[in-house]
Amino acid sequence: MSKSGRYYTKDKINKRKALERKNKHPIRLFIKSWDFLGKTCFGFIIFGMIIYSLSENATSHLLWIIYACVCLPLFPFAKKCSDDVLLHYFSEHTFEEFINGGGARGFGVLYLMMIIPFIIPLATGYFIYQIQKYKY
């Protein structure tokens, strides 16, 4: 059968649509964004300092170092999840100025300290939500 037949073109169209749909997955789009790069660098700074400060006495702080190493790649996804949830409840201006912003009147450090213990559940929730949302 020649490659110009009806079934060949349908198969080719279906493969192209599947590839386009795969490339538009929200997690892939987030990984390709500058926001992901910024949150990853911020996570490397935070957890790099934690790992470095605890590495001096690694035998007694081994669990904290392992937790920091596990949270390092999951931090951007957890931060994105918490940002999306908070943006749902606050306006963008309030979120950027008071919660996510720095300075003396901002709650950025408190917000970050609230996220760190919940990185694994937040990142898992973000992955599950995006996969379920994309599937349907």
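See the structure printed just above.
S.K.: Run through the packing of helix 4 (residues 62-89) against helix 6 (residues 108-115), naming residues and quoting values.
M.R.: With their axes 11 Å apart at the nearest point, helix 4 and helix 6 run at an angle of 120° to one another. The element helix 4 and its partner helix 6 pack so that their crossing is right-handed. Contacts between helix 4 and helix 6 pair Phe75, Lys79, Ser82, Asp83 and Leu86 from the former with Tyr111, Leu112 and Ile115 from the latter. The residue inventory of the contact of helix 4 with helix 6, partitioned by class, reads 5 nonpolar, 1 polar and 2 charged.

S.K.: Which residues make up the packing of aromatic side chains, and what values do they have?
M.R.: According to the stated counting rule, one finds 10 aromatic pairs in the structure shown. Here the aromatic rings of Phe47 and Phe75 are separated by 5.9 Å at their centres, their planes lie at 75°, and the arrangement is edge-to-face. Here Phe47, found in helix 3 (residues 34-54), pairs with Phe75, found in helix 4; they are 28 residues apart in sequence, far enough to count as distant. For the residue pair Phe47 and Phe75, the accessibility class agrees, reading buried in each case. Put simply, the rings of Phe30, Phe36, Phe77, Tyr126 and Phe127 pair up and form one aromatic cluster.

S.K.: Any chance you could break down a nonpolar patch on the surface for me, citing the residues and the numbers?
M.R.: Taken together, the side chains of Leu62, Leu63, Ile66, Val70 and Ile120 present a nonpolar region at the surface, about 460 Å² in accessible area. Here the element with the most residues in the nonpolar patch is helix 4; it accounts for 4 residues. Position of Ile120 among the secondary structure elements: in helix 7 (residues 119-135). According to the relative accessible area criterion, Ile120 is partly exposed, its value standing at 34%.

S.K.: So, helix 4: which residues are in play, and what are the values?
M.R.: For helix 4, with 28 residues, the first-to-last C-alpha span of 38 Å sits near the 40 Å given by 1.5 Å per residue. The sharpest bend along helix 4 comes to roughly 60°, located at Leu74, with the proline Pro76 sitting one to four residues further on. In the core, the buried residues of helix 4 are packed alongside helix 2 (26-32), helix 3, helix 5 (92-99), helix 6 and helix 7.

S.K.: Describe the packing of helix 4 against helix 5, and please don't skip the residues or the numbers.
M.R.: Two numbers describe how helix 4 lies on helix 5: the axes approach to 8 Å, and their chain directions differ by 125°. When the interaxial angle is binned, helix 4 and helix 5 end up oblique. Every pair of crossing elements has a handedness; the one defined by helix 4 and helix 5 is right-handed. Across the interface between the two elements, Asp83, Leu86 and Leu87 of helix 4 pack against Glu92, Phe95 and Ile99 of helix 5. Looking at the contact of helix 4 with helix 5, its residues break down into 4 nonpolar, no polar and 2 charged.

Rules used in this analysis
- Residues numbered from 1 in each chain as written.
- Predicted model: local features only at pLDDT ≥ 70, side-chain atom pairs only at ≥ 80, totals over all residues.
- Heavy atoms only, no water.
- Axes fitted to C-alpha atoms, helices over the stretch in contact; angles between N-to-C directions.
- Helix = DSSP H or I, 4+ residues; strand = E, 2+ residues; numbered from the N terminus.
- Left-handed = near helix turned anticlockwise from the far one by under 90°.
- Contact = heavy atoms within 4.5 Å.
- Nonpolar A, V, L, I, M, F, W, Y, C, P; charged D, E, K, R; others polar.
- Phe/Tyr/Trp six-rings, centres within 6.5 Å; stacked < 30°, edge-to-face > 60°.
- Buried < 20%, exposed > 50% of the residue type's maximum accessible area, 1.4 Å probe, protein only.
- Patch = residues over 30% accessible without salt bridge, like charges linked within 9 Å, V, L, I, M, F, W, Y side chains within 5 Å.
- Areas by Shrake-Rupley, 256 points an atom, 1.4 Å probe, with all protein chains shown as cover.
- Salt bridge = Lys/Arg side-chain N within 4 Å of Asp/Glu carboxyl O.
- Expected span 1.5 Å × (residues − 1).
- Bend = angle between axes of the 7 residues up to and from the residue.
- Parallel < 35°, antiparallel > 145°, perpendicular 65-115°, else oblique.

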